[in-house]
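Next come the chains, spelled out residue by residue.
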Amino acid sequence: MDHLPAWPRLLSDRIDRAVEEAARGILVQMTVEEKIGQMIQPDLVELTAEDVRAYRIGSALNGAGRWPDGNRRSGAQEWARTISGFWEAAEDAYRDRPFRIPFMWASDAVHGHNNVHGATIFPHNIGLGAARDPDLVRRIGAATAREVAATGMDWTFAPTVTTPRDLRWGRCYEGYSQDPEIVHAYAHAMVKGLQGEAGSLRAGSGVVSCVKHWVGDGGTFEGEDRGIARCSEDELRNVHSRGFFAGIEAGAQSVMVTYSGWEGSGRVETRIHGSEYLITDVLKDALGFDGIVIGDWDAHPYVEGCTPGDAGNVIRAGVDVLMVSTREKWQAVYHSAVEQVRSGAIPMSRIDDAVLRILRVKQRAGLWDKQPPAERRPEDRATALGAPEHRELARTAVRKSLVLLKHDNAALPLARTSKVLITGSAADAVRKQTGGYTVTWQGDDVGMDDFPGGFTVADAVRSVVGEDRCTVDPRLEHADPSEYDVVLVAIGEDPYAEMFGDIKPWRSIAYAELKPAYAHDLAVLRRLRESASKVVTVAFGGRPLYMTEEINLSDAFVAAWLPGPDARGITDLLFLAAQGQPAHDFQGRLSFVWPRGRHAATVDSGHEPLFPYGYGLTLQGTRDAAVGSTGPLPLDEEETTAGAPSLTASRVAIGPGADPYAFEYSATDNGPQPIASGSRTETSFISVEPIDHLGHRDAISLTFRDIRTFVYARESGGKPYDLRDFAAAGGRLSFHVRVFEAPAGPFHLTCHDDYPQQPALDIADRLRELPVGEWVPFDVSLAELAAVGVEFDHVDVPFMVYTEQPARLDIGGIQLVATPRA
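All residue numbers refer to positions counted from 1 along the written sequence of the respective chain. Residues qualify for local features only when their pLDDT is at least 70, as the model is predicted, and side-chain atom pairs are given and counted only at 80 or more; totals for whole chains, interfaces and linings, by contrast, use all residues. Remark: hydrogens and water are excluded; side-chain values derive from all non-hydrogen atoms of the structure.

Our focus in this paragraph is the overall build of the chain. A count of helices and strands for the chain gives 24 helices and 30 strands. In this treatment the radius of gyration is a C-alpha quantity, and the globule benchmark scales as 2.2 Å times the residue count to the 0.38 power. Taking 822 residues into account, the globule formula puts the C-alpha radius of gyration at 28 Å, and the chain, at 27 Å, falls close to it. By definition, residues are in contact when any of their heavy atoms lie within 4.5 Å. When contacts within the chain are restricted to residue pairs at least 6 apart in sequence, long-range pairs at least 24 apart make up 77% of them. Of the roughly 28,100 Å² of accessible surface on the chain, a fraction of 48% belongs to carbon and sulfur atoms. The numbering of helices and of strands both runs from the N terminus, where a helix is a DSSP run of H or I of at least 4 residues and a strand a run of E of at least 2. Here the Shrake-Rupley method, with its probe set to 1.4 Å, supplies the accessible areas, and only the displayed protein chains count as covering residues.

All right, on to the pattern of salt bridges then. Note on definitions: salt bridges are taken to be side-chain nitrogens of Lys or Arg within 4 Å of carboxyl oxygens of Asp or Glu. This structure, assessed with the given rule, holds 66 salt bridges. The residue R598 makes a salt bridge to E513 at a minimum N-O spacing of 2.8 Å. Taken together, the residues R598 in the loop between α21 (568-574) and β18 (651-655) and E513 in the loop between β15 (486-492) and α19 (516-531) connect sequence positions 85 residues apart. Only protein chains enter the calculation, and the probe is 1.4 Å; a residue is then buried if its accessible area is under 20% of its type maximum, exposed if over 50%, and partly exposed in between. Since its relative accessible area comes to 10%, R598 is described here as buried.

Points on a 1 Å grid, built from protein atoms alone, make a cavity when a 1.4 Å probe fits but cannot get out and make a pocket when they are open with protein on both sides within 12 Å along at least 5 of 7 lines; residues with an atom within 4 Å of a point are the lining residues. Grid points are joined across faces, edges and corners, and a volume is the space filled by probe spheres set on the points. When its volume is computed, the largest pocket comes out at roughly 1,300 Å³. Counting residues per element, the ones that place at least two in the lining of the largest pocket are β6 (228-230), β19 (661-667), β20 (670-674), β23 (696-704) and β24 (709-715). Split into classes, the residues belonging to the lining of the largest pocket amount to 21 nonpolar, six polar and 14 charged. In this count, Pro and Cys sit with the nonpolar residues alongside Ala, Val, Leu, Ile, Met, Phe, Trp and Tyr, while Asp, Glu, Lys and Arg are called charged and the others, Gly among them, polar.

On to empty space enclosed by the protein, then. Where empty space is left becomes clear once a probe the size of a water molecule has been rolled over the atoms. Per the counting criterion, the structure on display carries eight cavities of 30 Å³ or more. Taken as a whole, the second largest cavity spans an internal volume of roughly 90 Å³. Along the walls of the second largest cavity sit 15 residues, with A109, V110, H111, G112 and M190 positioned nearest its centre. Looking at the lining of the second largest cavity, the elements with two or more residues in it are α5 (125-131), α6 (134-150) and α7 (180-195). Per-class residue counts for the lining of the second largest cavity are 11 nonpolar, four polar and no charged.

Stacked, edge-to-face and tilted are the three classes for Phe, Tyr and Trp ring pairs, Trp counted by its six-membered ring, which pair at centre distances within 6.5 Å; planes under 30 degrees apart are stacked, over 60 edge-to-face, the rest tilted. Enumeration according to the criterion identifies 25 aromatic pairs in this entry. Summarising the aromatic geometry, the rings of F103 and W105 are spaced 6.2 Å apart at their centres and angled 50° between planes, so their arrangement reads as tilted. The interplanar angle of 75° and the centroid separation of 5.5 Å between the aromatic rings of W441 and F500 together place this pair among those described as edge-to-face. Of this pair, W441 sits in the loop between α17 (430-434) and α18 (457-465) while F500 sits in the loop between β15 and α19, and the two are 59 residues apart along the sequence. The rings of W7, W214, F244 and F245 are connected pair by pair, giving a single aromatic cluster. Two limits define a charge over a ring: the Lys NZ or Arg CZ must be within 6 Å of the ring centre, and within 35 degrees of the ring normal. Here the guanidinium or amino end of R267 rests over the ring plane of Y277, the centre of that ring lying 3.6 Å away.

Taking strand neighbours across the sheet as the criterion, the six strands line up as β12-β17-β16-β15-β13-β14 in an open arrangement whose pairing is mixed. The sheet terminates laterally at β12 (403-407) and β14 (470-472), the two strands that pair on one side only. Within this sheet the neighbouring strands show an average axis-to-axis angle of 20°, counted without direction. At least two bridges found by DSSP between two strands is the condition for calling them paired. Here an angle of 0 to 180 degrees is reported between the N-to-C directions of two axes, which are lines fitted to C-alpha atoms, with helices fitted over the stretch in contact.

The next thing to look at is the pairing of β19. Across the seven residues of β19, six count as buried, placing the element largely inside the fold. Bridge count for β19 against β24 is seven bridges, and the pairing is antiparallel. Within β24, the residue paired with Y665 across the bridge is V711.

Right, let's talk about the side chain of Q38 for a bit. Here Q38 shows up in helix α2 (residues 32-39). Think of a polar contact as two N or O atoms within 3.5 Å of one another; within protein, one of them needs to be a possible hydrogen donor and the other a possible acceptor, and neighboring residues in sequence only count if both atoms come from side chains. Side-chain polar atoms of Q38 contact the side chain of Y94, separated by 3.5 Å. Not counting the four nearest positions on each side in its chain, Q38 is found in contact with M30, R56, I57, G58, Y94, I101, V321, I358 and K362.

Among the residues of helix α1 (residues 17-27), V19, E20, A23, I26 and L27 are the ones counted as buried. Taken end-on, α1 shows its buried residues confined to a sector of 135°, consistent with a single buried face. Among the exposed residues of α1, those pointing more than 90 degrees away from its buried face are R17, A18 and E21. Capping of α1 at its N-terminal end is provided by D16; its side-chain oxygen lies 2.9 Å from the backbone amide nitrogen of A18. The arc in question is the one spanned by the directions pointing from the helix axis to the C-beta atoms.

With that settled, the discussion passes to the packing of α2 against helix α13 (residues 327-343). It is at 10 Å that the axes of α2 and α13 come closest, and there the two elements cross at 135°. With respect to α13, the element α2 is oriented oblique. α13 is crossed by α2, and the crossing has right-handed handedness. Where α2 abuts α13, its residues V32, E33, I36 and G37 lie against Y334, A337, V338, V341 and R342. When its residues are assigned to classes, the contact of α2 with α13 shows six nonpolar, one polar and two charged. Oblique is the label for every angle not falling under 35 degrees (roughly parallel), over 145 degrees (roughly antiparallel), or within 65 to 115 degrees (roughly perpendicular). Crossing handedness is read from the near helix: turned anticlockwise from the far helix by less than a right angle, it gives a left-handed crossing, and turned clockwise, a right-handed one.

Here we have three strands laid out as an open sheet, ordered β6-β8-β9, and mixed in their pairing. Each edge of the sheet is formed by a strand with only one pairing partner; in this case those strands are β6 and β9 (267-269). Each neighbouring strand pair of the sheet contributes to a mean axis angle of 15°, computed without reference to strand direction.

In this fold, R596 is placed in the loop between α21 and β18. In the structure, R596 is positioned 12 residues away from E608 in sequence and 6.8 Å away in space, judged by C-alpha atoms. Here the side chain of R596 touches E608 through a polar contact of 3.4 Å, landing on its backbone oxygen. Separated by 3.3 Å, the side chain of R596 and the backbone oxygen of P609 make a polar contact.

Any pair of cysteine sulfurs within 2.5 Å is marked as a disulfide. Scanning the entire structure with this criterion turns up zero disulfides. Its sulfur unpaired, C231 is 16 Å from the next cysteine sulfur, which belongs to C172. The buried category is assigned to C231, whose relative accessible area is 8%. Lacking any disulfide linkage, C306 is separated from the closest cysteine sulfur, that of C210, by 20 Å. Residue C306 is classed as buried on the basis of its relative accessible area of 10%.

Of the consecutive residues K212 and H213, the connecting peptide bond is found in the cis state with omega at 0°. Locating H213 in the fold gives a position in strand β5 (residues 210-214). Located in the positive-phi region is S265, a residue other than glycine, with phi close to 50°. Locating S265 in the fold gives a position in the loop between β8 (261-264) and β9. The partly exposed category is assigned to S265, whose relative accessible area is 47%.

Working note: regular strand, side chains alternate between the two faces of the sheet. Counted residue by residue, β24 has six buried out of seven residues, so it is predominantly covered. Pairing of β24 with strand β29 (residues 797-803), which is carried by five bridges, proceeds in the antiparallel orientation. When the bridges of β29 are listed, Y712 appears paired with M800.

Here we take up the packing of α1 against helix α14 (residues 348-364). Interhelical geometry of α1 versus α14 gives an angle of 130° and a closest axis separation of 9 Å. When the interaxial angle is binned, α1 and α14 end up oblique. The way α1 lies across α14 gives a crossing that is right-handed. Counted together, V19, E20, A22, A23, R24, I26 and L27 of α1 and D352, V355, L356, L359, R360, Q363 and R364 of α14 form the full contact between these two elements. Split by residue class, the contact of α1 with α14 holds eight nonpolar, one polar and five charged.

See the structure below:
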């Protein structure tokens, strides 16, 4: 690709005089309140039809894990009926006005319509990048658009066009490739697939697309999610912006802003949401983007000068639509914005720019000419979700995305008469195949009931060789490997989405060193090398990891990425066809370098990779001499990383309200939010209120509801401590608790260095034994936490509780105390 010395002016054929005249004709008649209503986008569970009428709300979204009436199994009819209720409310809102503004619904359909039961789930982007097939991506976009439209929705927050540069970033799998050229080609193809050609949006066969996240989130320092991209503006433009250029040129009608910041070329934009330079000067003015700029979920409080109820600086920077989670917050943001417009703190010209863009996109989508969602495309209502042709396309995408990294001893393809033992942590675990953003936010609570017609690896192998020739033993506890023709070892990362998948900079990227369950997978492979004649390993996950020993212990090793719930696309390549010949061959090639070392996390660090970018074998191929022809691949020598300073104090106050610790809350479908120091916070999943405790303002009242919710103290400067000596000296977490409603199920406590991935201790039974309504002391030794697997070498979250059960209790006076209680 040609180097771009300046931000390019992107050409587009979207200008339509009739659209502009219609949009401007409505804009000049609108009140301030109506304009701000168009700029607010609440979530399904935090919005009512009456809210839409009262506030003239212009759009809404359903986050992952949000369904009509809370019904996880809601199909196309239920979704369309629910969305129609909001559509009709918006129509009612304008019945006494000389104009109308239709309602618009958005969803995160990022690898298929992945929040809706029965929809087709496609491989995540990292797998599609390995397929090297833009037309495949275009067809996936078109299939996804058909399913989205069948549920009455108008808008999807896809595609993600990030260019990941650090494998520690937990969102690597959302990127197609480390190579901006692939990202550029795929962004164009996916936008065309989702939106269709000219007229498709108006006809209802396409849906509004959104390229995200502007800009640089794949280049954050040390792979920190929501961190800072430290790079020159030239790199920001030529590496991290290429997907946006292609998506906008293909007609993308919206761009979502990143949580992240940027530091480089003499500029420090701590949060892009507050960067007038990158949003207005570059995206809107220099590039000429004329669609909607939308903020990410509750991103505004992270911008300096903003609060959960005040997004003024984000609006001034150029964000047009504000995605706000709770009812309390979006109403506060609405009223604050109206007041700031009336006072002149937010220029009316900025509001008019935002609303004109919203009206323009709604006009281009043909919403004024469309029926209510429940009445659109009735022919697709019962047939589009999971349509056979869409599922076959997904199976094809899986086949094209698999990368064969090793193939020795003619291990593949396998005969259909083989006696097969299937083992490993991913042997029968669909969630390892589907990854995050699947049904729910993190995708860690899904099962086969969520995927009608799905196949785990075990299911897929049984469908080929038959039940009688297939044994499934995930932990290798029962079967004798020597009794089988082949042992298929399915391993891989547990699912995660944003924040939950980051690997901290002091940790290794070695698969077996990330979790005990992963270490067990390596132990299984070591056992098999001594007792099995043929070992084929299939590895799932959202990024390349250091897995050299796992590869050495396998005759064949396949990187399967996150293929989705149908593993038959994998067995299509592993087994001969019914006729006795290979029906398909491997064609995937690495879209990221594969790391040689356990700390070689960055793709441009200068480390020699184990497998280079673009590497991938076929069944006839041999290993490249450059990566170690026939012998075992070289194992990484043990490397050390700088340790955190030891905690020398004998007592440390955690709070709430004690520096330097900041208290936050988050939930399964909601990212971290600060706990306000002087006011009550009310959400659909938790209520939090600072209260007095024994004469001090160092306690919080917590009401948990039936959504998994975390409350924790984080070291606000990001400075971890080594608590191993502290723990060895009898250190403990000490606090006071007052229980009003004890949790009916598990209630977890932890203290660790890897929020939120470390293990935790269930203290529910102890809480249930406490007197109701009385402050009592509560101690947990760090040794007890260590016994459940908590590590203390880099602790930056010294206190966390979480539950998914209703509970009401107060906690205060939290401390780390070095000596055991007498």
